[in-house]
Amino acid sequence: MSKSPNLVWLRSFESAARHMNFTAAAAELGITQTALSLHVRSLEAQLGCQLFTRAARNLTLTEVGQAYAFSVRRALGDIALSTTSLFGASEAQHLTIRIPISSATLWLARRLPDFTQSHPGISIRLASNIWADSAGRENVDVEIRFGRGDWPDVTSHRLTRERIVPIAAAGTPPLSHDDLQTRPAVQILGLQDLWQRYLAAFDIPQDATQSQFAVDTTIAAVDIVAAGGGYAVVLERFAETAIAMGRDIAIVGQPVPIEQAHYVTRPSATSTNNTAAQLFTGWLEQIAK
């Protein structure tokens, strides 16, 4: 028996998976919550697999549901883009992305050409900001934030799992615990707790590290470290990108996992039927490991 699912069921599932809320998903699609719930249950029945774990006030995707949501989102985006290309207006789609400046420079920007090569009909405007609360009021299609995903003004979907590492000027040998306690540190404003978390992972007193520089971006911290100005603790993905870009730094300690991550967010009351945004979000999930 074929398990090719009903397209309406797939759209209901994809929307519910993004919002993690049946009421919000139903509002986005313009149907009742009862209808959306029925669509999702019908899909689960046809597939013979539970996609959501339902609790009284909590909705989560099962492991299979997470994998399926990614595939469905990408497939629906491809269908929508193909339909627009063949039967809709021929003008290009424009996608505005907002992201912290260090995340743009040390992670996303170098990967964007891969997306536009796969989707040449989409042009990208990249808007960077330092602080999430200073982003401005301009309309954006996709916003990426770094934190714990608990912002009150948006719904958020986790993209990455992050680890932190200490960095020093290129050629510096691995740091000892004494080095971490006594060498000058470059602190990143808003991310000072990265040093604390790294030290705590090795039971090193947190009041011993001396801060010589305080900067507001990881980009500046990397440049100061490369010039021999001290040590910094940064995201491992940022350090690896900086090294690949030719910055004169080295990773001088083992990585430590952290709770903070990159999230794709949207205003809680906003729907996301934008084809280009759906395609881009699916691509982000693919590259954000």
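Up top is the structure these notes are about.
Because the structure is a prediction, the values reported are computed rather than measured.

(A) Spatial organisation of the packing of aromatic side chains. Per the stated rule, a full pass over the model turns up eight aromatic pairs. With a centroid separation of 5.6 Å and an interplanar angle of 65°, the aromatic rings of Phe 13 and Phe 52 are classed as edge-to-face. With a gap of 39 residues between them, Phe 13 in helix α1 (residues 7–19) and Phe 52 in strand β1 (residues 52–55) connect regions that are remote in the sequence. On the basis of relative accessibility, which here comes to 0%, the residue Phe 13 falls in the buried class. Under the relative-accessibility criterion, Phe 52 is labelled buried at 0%. Residues Phe 115 and Trp 283 carry aromatic rings whose centres are separated by 5.4 Å and whose planes lie at 55° to one another, so their mutual orientation is tilted. Here Phe 115, found in helix α6 (residues 112–118), pairs with Trp 283, found in helix α11 (residues 275–287); they are 168 residues apart in sequence, far enough to count as distant.

(B) Geometry of the environment of Asp 179. Here Asp 179 lies in helix α7 (residues 177–182). Look at Asp 179 and you get buried, because its relative accessible area is 15%. C-alpha separation for the pair Asp 179 and Tyr 231, spaced 52 residues apart in sequence, amounts to 9.5 Å.

(C) Focus on the nonpolar core. Residues Leu 108, Val 142, Ile 144, Ile 167, Phe 280 and Leu 284 are the most contacted members of the largest nonpolar core, which totals 54 residues. Tallying contributions element by element places α11 first for this core, with six residues. Those residues within four positions of Ile 144 in sequence are excluded, and the remaining contacts are Ile 97, Arg 98, Ile 99, Pro 100, Trp 107, Leu 108, Leu 159, His 262, Tyr 263, Val 264 and Leu 284.

(D) Looking closely at the pairing of strand β7 (residues 163–169). The buried fraction of β7 amounts to six of the seven residues, a majority that puts the element mostly inside the structure. Of the pairings in the sheet, the one linking β7 to strand β12 (residues 256–257) comprises two bridges and is antiparallel in character. Its bridge partner lying in β12, Ile 164 is registered against Val 256. Strand direction decides the pairing type here: β7 and strand β10 (residues 232–235), joined by four bridges, are antiparallel. Residue pairing in the sheet places Ile 167 in a bridge with Ala 232 of β10. Taken together, the three bridges between β7 and strand β11 (residues 249–251) define a ladder with antiparallel strand orientation. Counterpart to Ala 168 in the pairing with β11 is Ala 250.

(E) Here's a closer look at the side chain of Glu 236. With respect to the helices, strands and loops of the structure, Glu 236 is situated in helix α10 (residues 236–244). On the basis of relative accessible area, Glu 236 is assigned to the buried category, the value being 14%. Setting aside residues no more than four positions away along its own chain, Glu 236 makes contact with Arg 163, Ile 164, Val 165 and Pro 255.

(F) View of the packing of helix α2 (residues 22–29) against helix α3 (residues 33–47). At their nearest, the axes of α2 and α3 sit 8 Å apart, and the two run at 105° to each other. When the axes of α2 and α3 are compared, the pair comes out roughly perpendicular. Where α2 abuts α3, its residues Phe 22, Thr 23, Ala 25, Ala 26 and Leu 29 lie against Gln 33, Leu 36, Ser 37 and Val 40.

(G) Spatial organisation of the pattern of salt bridges. What the rule picks out here adds up to twelve salt bridges. Salt bridges sharing common partners tie together Glu 14, Arg 18, Arg 73 and Glu 285.

Each value, and the rule that gives it
- Residues numbered from 1 in each chain as written.
- Predicted model: local features only at pLDDT ≥ 70, side-chain atom pairs only at ≥ 80, totals over all residues.
- Heavy atoms only, no water.
- Phe/Tyr/Trp six-rings, centres within 6.5 Å; stacked < 30°, edge-to-face > 60°.
- Helix = DSSP H or I, 4+ residues; strand = E, 2+ residues; numbered from the N terminus.
- Buried < 20%, exposed > 50% of the residue type's maximum accessible area, 1.4 Å probe, protein only.
- Core = buried A, V, L, I, M, F, W, Y, C linked by side-chain atoms within 4.5 Å.
- Contact = heavy atoms within 4.5 Å.
- Pairing = 2+ DSSP bridges.
- Axes fitted to C-alpha atoms, helices over the stretch in contact; angles between N-to-C directions.
- Parallel < 35°, antiparallel > 145°, perpendicular 65-115°, else oblique.
- Salt bridge = Lys/Arg side-chain N within 4 Å of Asp/Glu carboxyl O.

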